[in-house]
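Report on the structure
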Amino acid sequence: MKKFLLLFLVATAVTATAQTKRDTIALLQRTAALYNLQFTDAEADSMLSGIEEYTDIFADMHKTAPPNNLLYPFAYEPAPVGFKMAATQQKIAWDIPANVQLPANKADLAFYSIPQLASLIKSKKISSVALTQFFIVRIKKWDDSLKADITVTEDLALQQAKKADADLAKGIYHGPLHGIPYGLKDLFAVKGYKTTWGTTPYKDQVIDDNAFVYEQLTKAGAVLVAKLSLGALAFNDLWFGGRTNNPWNLRQGSSGSSAGSAAATAAGLLPFAIGTETYGSIISPSTRTGTTGLRPTFGAVSRSGAMVLSWSLDKAGPICRSAEDCAIVFAAIKGTDGEDPSAVNYAFNYNPKKDIKTLRIAYAENYFSRLNKDALEWKALDDFKSLGATITPVTFPDSAIYPFDIMSIVIGAESAAAFDELTRNNRDTLIERQDKGFWPNIFRTARYIPAVEYINANRYRSELNRKLQAFMKDYDVVIVPTFAGRQMAITNLTGNPALCMPIGFSRSGNPASITLLGNLYDEASIINVAKAYQAKTEHNKKHPPLFSK
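Residues numbered from 1 in each chain as written. Predicted model: local features only at pLDDT ≥ 70, side-chain atom pairs only at ≥ 80, totals over all residues. Heavy atoms only, no water.

1. Some remarks on the overall build of the protein chain
What counts, and what does not: Here a helix means four or more residues in a row that DSSP labels H or I, a strand means two or more in a row labelled E, and each is numbered from the N terminus. The atom set for the radius of gyration is the C-alpha atoms, and the globule formula is 2.2 Å times the number of residues raised to the power 0.38. For the exposure calls, accessible area comes from a 1.4 Å probe over protein chains only, and a residue counts as buried if that area is under 20% of its type's maximum, exposed if over 50%, partly exposed in between. Two residues form a contact once any of their heavy atoms are found within 4.5 Å. In these tables, accessible area is a Shrake-Rupley quantity obtained with a 1.4 Å probe, and a residue counts as shielded only by the protein chains included in the view.
When you go through the protein chain residue by residue, the secondary structure sums to 18 helices and 15 strands. Taken against the 2.2 N^0.38 rule, which gives 24 Å for 549 residues, the C-alpha radius of gyration of the protein chain at 25 Å falls within 12% of a compact globule. Along the first, second and third principal axes, the C-alpha set of the protein chain runs to 90 × 50 × 45 Å. The burial tally for the protein chain puts 58% of its 549 residues in the buried class. Pairs at least 24 apart in sequence give 75% of the contacts found in the protein chain among residues at least 6 apart. Here the protein chain displays about 22700 Å² of accessible surface, and carbon together with sulfur accounts for 54% of that area.

Quick look at the structure:
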């Protein structure tokens, strides 16, 4: 059986020989030195019986393995004390275009926006069943090329599509997602279907539960066509079925971990998909595939029925082809069912016609100044300025408020706890990657993060949060190069929302992106600014040539 902490070995010293006891004290002292602690021989000797008591407790705990869905009773609350979130939800007047026609080239339907598809459905120019069958054919056709889906939920999809058509025939319309097909990252449970978490140890797992996100989309009338690939246990783009590929360049992975969600949306295999982010898993694949990804505020969407990687970091959000589509999907999935201690209800008062000149917009000058003068981000900034809004240069508080790597401590400790069973039963050897930088080794290494250090890292995180919110309160939107500095780690730790969208193509031909940061519980402002940018530019309307037929 694996030995997880060196200092546990000292428990044997109480009944051991004098020489063994001296060796054990020396071992304890060397272990303490890992954490910059020094214990005298007398102090170490006094600790031995207490450590033995702890190991007895641990042994009792280890008689059963905690399942991944066993709740962690402490909810992370990103809002500083006294923070007020909007509580009154106003009705959103979605901008659904009139007189949308079916395309002469049927393949073009694959890249229609959600409002365009909603117009076709509501006017009965196409049925949900016909639209669903269209996307089922596409996702099956490109399965070998992209490896973006794990399970095509064909029977369920056609059942839901028939219900959508029947409801509409009765005059029942559930909103802009009524009858619209979509995909779900395969870490969300759906009754009757496998929920594989993208890795061999769980590839046959069936969870008798429906995730909150799935339930919300079902209420909105959406049609689940596929459960989509993710990198093993929500890391990168390699899963038990292979690598999910970038539809712009099939020789390249789509990044992850929301690999299939981004690839399928970019390739027009589905109108939209749901992803998750712990640290970059919506933003990174959205950049790689040229999609628009919304990472909502931490706690905006209940994660019940979803795989836990990190209780205080995991977030669920939409990956779409436009900011407007993200707004529609987010409005449907936000909220809580009371099953996720960190999830909250608040108003999403998005106005599609909002004048962005009324918003306080800034850009991180200290990040932009590091870019080449011909970088695409500079052109994007000029496009933002041309929208008529005042855009203020600011210094984003990078290392000044984040002097050491809190993220590694938090994600390491929490993920190792979430998958304690996997490590303890030695099933971690089945995971697709076994290099030093992947989960098996990360989980093992995290055993050496003491509870004291984890707690103190979160105390420093609280201070980080306070300082960032003090900076952000003067602006509604801050524009940053997507991977600049430490902002991605900072804003994932503080829970601030972000929206990533395409701004063109690099010299190598790969999609490039820019990111908009917002205040806690204010997804509306970053969506409004992104929508205005996308109305002026064509970047999000370009699609991978191979999949445009």
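2. Thoughts on unusual backbone geometry
With the exception of glycine, most residues fall at negative phi, and the peptide bonds are largely trans. The peptide bond linking Gly256 to Ser257 adopts the cis configuration, its omega dihedral lying at 15°. With respect to the element layout, Ser257 can be found in the loop between strand 7 (249-253) and helix 8 (259-266). Of note, the phi angle at Trp197 is positive, near 60°, even though the residue is not glycine. Relative to the elements of secondary structure, Trp197 occurs in the loop between strand 2 (181-185) and helix 7 (212-219). The backbone phi angle of Ala234 is positive, close to 65°, even though this residue is not glycine. Looking at where Ala234 falls in the secondary structure, it is placed in the loop between strand 3 (223-228) and strand 4 (238-239).

3. As for the environment of Tyr202
By secondary structure assignment, the location of Tyr202 is in the loop between strand 2 and helix 7. Look at Tyr202 and you get buried, because its relative accessible area is 7%. Excluding anything up to four places from it in sequence, Tyr202 contacts Thr195, Thr196, Trp197, Leu233, Phe419, Glu421, Leu422 and Arg427.

4. Some remarks on the pairing of strand 7
Stated formally: Any two strands between which DSSP finds at least two bridges are classified as paired.
In this structure, strand 6 (residues 245-246) lies alongside strand 7, joined through 2 bridges in antiparallel fashion. Looking across to strand 7, one finds that Asn246 is bridged to Asn249. Counted along the chain from strand 6 to the antiparallel partner strand 7, the turn is 2 residues long.

5. Brief notes about a negative patch on the surface
Heads up, the condition is: A patch consists of residues exposed above 30% relative accessible area that lack any salt bridge, with like charges linked at up to 9 Å and nonpolar side chains (Val, Leu, Ile, Met, Phe, Trp, Tyr) linked at up to 5 Å. Think of a salt bridge as a Lys or Arg side-chain nitrogen and an Asp or Glu carboxyl oxygen that are within 4 Å of each other. Charge assignment: positive for Lys and Arg, negative for Asp and Glu; neither His nor the chain ends contribute. Think of each charge as sitting on NZ of Lys, CZ of Arg, CG of Asp or CD of Glu.
A contiguous patch of negative charge on the surface is contributed by Asp208, Asp209, Glu215, Asp337 and Glu339. Note on placement: Asp209 falls in the loop between strand 2 and helix 7. For Asp209, a relative accessible area of 34% gives the class partly exposed.

6. A closer look at the environment of Leu376
With respect to the helices, strands and loops of the structure, Leu376 is situated in helix 12 (residues 376-385). With 304 residues separating them along the chain, Leu376 and Tyr72 place their C-alpha atoms 43 Å apart. Beyond its immediate stretch of four places on either side in the chain, Leu376 contacts Ile503, Gly504, Phe505, Ser506 and Ala512.

7. Some points on the pattern of salt bridges
A full pass over the atoms with the stated rule returns 21 salt bridges. Here Asp167 makes a salt bridge to Lys163, at a shortest N to O gap of 2.7 Å. Taken together, the positions of Asp167 and Lys163, both in helix 6 (residues 154-169) and 4 residues apart, correspond to about one turn of that helix. Given the relative accessible area of 8%, Asp167 is considered buried. Residue Arg507 pairs with Asp374 through a salt bridge whose shortest N-O separation is 2.5 Å. With Arg507 in the loop between strand 14 (498-505) and strand 15 (511-518) and Asp374 in the loop between helix 11 (365-368) and helix 12, this residue pair connects regions lying 133 residues apart in the sequence. Here Arg507 and Asp374 have matching classes, each one exposed. The network of salt bridges with common partners includes Lys194, Lys203 and Asp204.

By themselves, these figures tell us nothing about what the structure is for.
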